[in-house]
Amino acid sequence: MGLFGRGKEQAYKHGLADAAKVTGQKFDEIDEAIGNVQLNLSEGIGQLSDTVDGIYDVLQSDAQEKLLGLTEQLTIKEALMGEDDPDLDDYRHFAMSLLFTIGGLLGTSDDYQQRYMRSMMIYLEDMDPQEIKDINSVSNVENIDVSRAILIMVSEYLY
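From a predicted model like this one, the values you see are computed outputs, not experimental measurements.

Colleague: What is the right way to look at the overall build of the chain in this model?
Modeller: Secondary structure summary: the chain contains five helices and zero strands in total. For the chain, the α and β elements follow one another from N to C terminus as α-α-α-α-α. Evaluated residue by residue, the chain yields a buried proportion of 19% over its 159 residues. Residue pairs at least 24 apart in sequence account for 81% of intrachain contacts in the chain once pairs closer than 6 positions are excluded.

Colleague: When you look at helix H5 (residues 144–158) in this model, what are you seeing that I'm missing?
Modeller: One turn of an α-helix holds 3.6 residues; hence residues three or four places apart share an orientation. Between its terminal C-alpha atoms H5 stretches 21 Å, which fits the 21 Å expected from 15 residues at 1.5 Å a residue. Listed in full, the buried residues belonging to H5 are Val146, Arg148, Ala149, Ile150, Met153, Val154 and Tyr157.

Colleague: Looking at this model, I keep getting lost on the nonpolar core. Mind explaining?
Modeller: Taken as a class, soluble globular proteins show a tendency for nonpolar side chains to be buried jointly. One finds Leu80, Met96, Leu99, Met120, Ile150 and Met153 to be the most contacted residues of the largest nonpolar core, which totals 21 residues. For this core, the secondary structure elements donating two or more residues are helix H2 (76–80), helix H3 (88–106), helix H4 (111–123) and H5. Here the element with the most residues in this core is H3; it accounts for seven residues. The contacts of Ile150, once residues within four sequence positions are left out, are Leu80, Phe94, Ala95 and Leu98.

Colleague: Looking at this structure, I do not really get H4. What am I missing?
Modeller: Counted at 1.5 Å a residue, the expected span for H4 with its 13 residues is 18 Å, and the 18 Å between its end C-alpha atoms agrees. Considered for burial, the residues of H4 that qualify are Gln113, Tyr116, Met117, Met120 and Met121. Taken around the axis of H4, the buried residues stretch over an arc of 135°, which confines them to a single face. Projecting away from the buried face of H4 at angles above 90 degrees are the exposed residues Asp111, Tyr112 and Ile122. One or two residues past the end of H4 sits Glu125, with phi positive at roughly 70°.

Colleague: Would you mind going over the packing of H4 against H5 with me for this structure?
Modeller: How two helices sit against one another is set out by the angle between their axes and by the gap between those axes. The contact between H4 and H5 brings their axes to 9 Å, and the two run at 150°. The angle between H4 and H5 places the two elements in the roughly antiparallel class. Along its contact with H4, which presents Gln113, Tyr116, Met117 and Met120, the element H5 presents Ile152, Met153, Glu156, Tyr157 and Leu158. Its residues assigned to classes, the contact of H4 with H5 shows seven nonpolar, one polar and one charged.

About the criteria used
- Residues numbered from 1 in each chain as written.
- Predicted model: local features only at pLDDT ≥ 70, side-chain atom pairs only at ≥ 80, totals over all residues.
- Heavy atoms only, no water.
- Helix = DSSP H or I, 4+ residues; strand = E, 2+ residues; numbered from the N terminus.
- Buried < 20%, exposed > 50% of the residue type's maximum accessible area, 1.4 Å probe, protein only.
- Contact = heavy atoms within 4.5 Å.
- Expected span 1.5 Å × (residues − 1).
- Core = buried A, V, L, I, M, F, W, Y, C linked by side-chain atoms within 4.5 Å.
- Arc of directions from axis to C-beta.
- Axes fitted to C-alpha atoms, helices over the stretch in contact; angles between N-to-C directions.
- Parallel < 35°, antiparallel > 145°, perpendicular 65-115°, else oblique.
- Nonpolar A, V, L, I, M, F, W, Y, C, P; charged D, E, K, R; others polar.

Structure representation (structure tokens):
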């Protein structure tokens, strides 16, 4: 006779098999949980990487803006109507002419663009639409503040 007796040995083997089955199921559950954690972790790292890339892009663009002098305060009116340079009054007319030309190229302008155009005419001190100039008459804008002011005006108009 064995250690367990006749019927007990078979019951013991079934008990071991049942325990192994339950343990295997538990290991499968743990394996699935680890897989989920791994997936969540890799997604989180991916999102963190995207966030870091975005921050890097912002910092890089800020550095470029500082390098180009785009972070300094600029008043469009002062930039286009400089007291030191009498030719800058022509840039005021040129900037408005450029906006009128862009508006014409677009075909139709919405209410906001029309309102912006009227506001800029008032802001630049009673500009008369008949005073607009041929934009081809200006070959080059050498003053950086004038260039920035015109860029801001066009960007705001198109926005």
